[in-house]
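Analysis of the macromolecular model
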Amino acid sequence: MRFLSADIIFPIYTNPIPNGIVAVSANGTIQEVMLPDSENAPDPSRVERFKGVLCPGFINAHCHLELSHMKGLVPEKTGLPAFIMQIVSRRHEKADEKMEAIRLADEEMWRNGIQAVGDICNTADTVETKKKSKIKYQSFVEVFSFDSSKADEVLEEGVRVANEYQQNGLSATIVPHAPYSVSERLFNGIRAQQKQFPGPISIHNQETESENEMFVSGSGELVEIFKKFGEDFSNFQPQFKSSLDYHLNQLPSDQPVVLVHNTMTKAEELEAVKSIRDNVFWCTCAQANKYIENRIPNIPMWLQKEVNVCVGTDSLASNHQLSVLEELKLIQSKYPEVSLQQLLKAATLNGAKALKLDKEKGSFHKGKLPGVLLLKNVSNGMLSDSSSVQRII
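Residues numbered from 1 in each chain as written. Predicted model: local features only at pLDDT ≥ 70, side-chain atom pairs only at ≥ 80, totals over all residues. Heavy atoms only, no water.

1. What to know about the pairing of strand β1 (residues 2-9)
Relative to strand β3 (residues 21-24), β1 is paired through four bridges, and the arrangement is antiparallel. Note that in β3 the partner of Phe-3 across the bridge is Ala-23. Inspection of the sheet shows β1 paired to strand β5 (residues 47-56) by six bridges, in the parallel sense. Pairing of Ile-9 across the sheet is with Leu-54, part of β5. Two strands pair when backbone bridges link them, and β1 and strand β2 (residues 17-18) are joined in this way by two bridges, in the antiparallel orientation. Note that in β2 the partner of Ile-8 across the bridge is Pro-18. (Pairing = 2+ DSSP bridges. Helix = DSSP H or I, 4+ residues; strand = E, 2+ residues; numbered from the N terminus.)

Structure follows, in structure tokens:
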């Protein structure tokens, strides 16, 4: 048994505890969280004391591990349509480095305190790394085509990839890429696959202005780009308030849904979704939004509306690192009114709930195996450039 203490402990499910003590068994299972002066507190000589903040391991709710070889290939601040063109045209560059880049990215995330990952997959390239990893993965096998005539072919390939993950003992679900790249027929096929591949769903949502433009007017940069990819929009009848209006009711209602990016989402949309579903999670990938479009979502508005907020890193094609802590630093530097407690809940328990891993991870509840992190150089609840993370367990 280890007894861990720090200046402040964030159990997540309750308020922070100054000088609290976490009892952890040899295999990493949480046994108890104690006040420093409680009757059952251990002898002080048995307590390992740290300077900083103790919290559970981070949950990276959105990543693209298989794009790790693309680090530095895509220019910054080009906007989403140009970024998509770069990804499609350059994702096979440095292909000989791909498997090693995936392995190194997995190791980087573990060092950065990440305990579980919601990972977008277009291939089975990450299977071998995930089988050996210390990280728990929920693989989101992504399918896309706005051309209804291609729906069956695209879904068949998605099923093939998802089966490969399942056959290797890895959890996988089939998910839509984004509203602008998934036809209604393909959405129907995705829902039909929930019986064979049950679990949470992920979808990129309202990342750029042209996404909503497509569903309101049927025009814009995204439409033009996907026409270049051979997508047929001739039968598309734009009749929606937004892209969210198009896709939300087509997603399975009995599973958690992770909406990723949400840069353009409005307050009234947050309220509307919350009024009809309590299992929707709004995932911010602030560093990637800054990298691609040089803007980040209005996180204080999300928190004000009391929606479920979680955190992702996106990929090394759109980020300089895979670090949840760096995401939190950027958010708090932009929005200093967001508290450390709010940030850590988003980065731990909410992410675990989004991936349906909260029975095991995300908080210091007794019986969980959440990992234990030490955050250093945190002053009065504020992160800074010098703040860092050290894995204790």
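2. Points about the packing of helix α4 (residues 151-167) against helix α5 (residues 184-192)
With their axes 9 Å apart at the nearest point, α4 and α5 run at an angle of 35° to one another. Considering the relative orientation of α4 and α5, their crossing is right-handed. Residue-level contacts link Ala-151, Asp-152, Val-154 and Leu-155 of α4 to Arg-185, Leu-186, Gly-189 and Ile-190 of α5. (Axes fitted to C-alpha atoms, helices over the stretch in contact; angles between N-to-C directions. Left-handed = near helix turned anticlockwise from the far one by under 90°. Contact = heavy atoms within 4.5 Å.)

3. Points about the sheet that holds strand β11 (residues 257-261)
In any sheet, the strands associate via hydrogen bonds between backbone groups, in a parallel or an antiparallel arrangement. Here four strands make up an open sheet; going across it, the order is β10-β11-β12-β13 and the pairing parallel. Each edge of the open sheet carries a strand with a single partner, namely β10 (201-205) and β13 (308-311). Between one strand axis and the next, the sheet turns by 30° as a mean value, whatever way the strands run. Examined bridge by bridge, β11 and strand β12 (residues 280-284) share four bridges and lie parallel to one another. For Val-257, the partnering residue across the bridge sits in β12 and is Val-280.

4. Describing the nonpolar core
In a soluble, globular protein the nonpolar side chains are often hidden away together inside. Counting residues in hydrophobic clusters, the biggest one holds 105 residues, and the most contacted among them are Phe-58, Met-109, Tyr-165, Tyr-180, Trp-282, Leu-328 and Leu-344. Of all the elements, α4 adds the most residues to this core, at seven residues. If near-sequence neighbours (up to four positions away) are discounted, Met-109 is found in contact with Asn-60, Cys-63, Leu-65, Ile-114, Val-117, Ile-135, Tyr-137 and Leu-322. (Core = buried A, V, L, I, M, F, W, Y, C linked by side-chain atoms within 4.5 Å. Buried < 20%, exposed > 50% of the residue type's maximum accessible area, 1.4 Å probe, protein only.)

5. Topic: α5
Along α5, the positions that sit buried rather than exposed are Leu-186, Phe-187, Gly-189 and Ile-190. One side of α5 carries all its buried residues, which in axial view fall inside an arc of 160°. (Arc of directions from axis to C-beta.)

6. Some words on the sheet that holds strand β7 (residues 114-121)
Spatially, four strands are ordered β6-β7-β8-β9 in an open sheet, and the strand pairing comes out parallel. Two strands lie at the open edges of the sheet, namely β6 (58-63) and β9 (171-176), each paired on one side alone. Going across the sheet, the axis of each strand differs from the next one's by a mean of 20°, ignoring polarity. Relative to β9, strand β8 (residues 136-143) runs parallel, the two sharing six bridges. Of the residues in β9, the one forming a bridge with Gln-138 is Ser-171. On top of the sheet, α5 reaches β8 and β9; it is set at about 160° to β9, its chief contact.

7. Topic: the packing of aromatic side chains
Counted by the stated rule, this structure contains 13 aromatic pairs. The ring of Trp-110 has Arg-391 lying over it, and the distance from NZ or CZ to the ring centre is 3.4 Å. (Phe/Tyr/Trp six-rings, centres within 6.5 Å; stacked < 30°, edge-to-face > 60°. Lys NZ or Arg CZ within 6 Å of the ring centre and 35° of its normal.)

8. Some thoughts on the pattern of salt bridges
Within this structure, the stated rule accounts for 19 salt bridges. With its nearest N and O atoms 3.0 Å apart, the salt bridge here joins Glu-360 to Lys-361. Among the residues examined, Glu-360 registers a relative accessible area of 30% and is labelled partly exposed. Here the salt bridges do not stand alone but share partners, grouping Glu-100, Arg-103 and Glu-107 into one network. (Salt bridge = Lys/Arg side-chain N within 4 Å of Asp/Glu carboxyl O.)

9. Concerning unusual backbone geometry
Look at Glu-306: it is not a glycine, yet its phi comes out positive at around 60°. By secondary structure assignment, the location of Glu-306 is in the loop between α11 (299-304) and β13. Positive phi outside glycine occurs at Asp-314, with the angle close to 60°. Turning to its location among the elements, Asp-314 is positioned in the loop between β13 and α12 (324-334).

10. Things to note about the pairing of β9
Regular strands place side chains that alternate from one sheet face to the opposite one. By the criterion of burial, β9 is predominantly enclosed, with five of the six residues buried. For the crossover that starts at β8, traverses α4 and ends in the parallel β9, the hand is right-handed. (Right-handed = clockwise from strand over helix to strand, strands pointing away.)

11. Side note on the environment of Cys-285
Structurally, Cys-285 is set in the loop between β12 and α10 (286-293). Ignoring any residue separated from it by four or fewer positions in sequence, one finds Cys-285 in contact with His-62, Val-260, His-261, Gly-312, Thr-313, Asp-314 and Glu-327.

12. Here we look at the side chain of Ser-387
By the element assignment, Ser-387 lies in the loop between β14 (372-376) and β15 (388-391). Overall, Ser-387 belongs to the buried group, its relative accessible area being 4%. In this structure the side chain of Ser-387 is engaged in a polar contact, spanning 2.9 Å, whose partner is the backbone nitrogen of Ser-384. Ignoring anything within four residues of it in the chain, the contact list for Ser-387 reads Leu-325, Lys-329, Lys-376, Asn-377 and Val-378. (Polar contact = N/O pair within 3.5 Å; in protein donor to acceptor, adjacent residues only side chain to side chain.)

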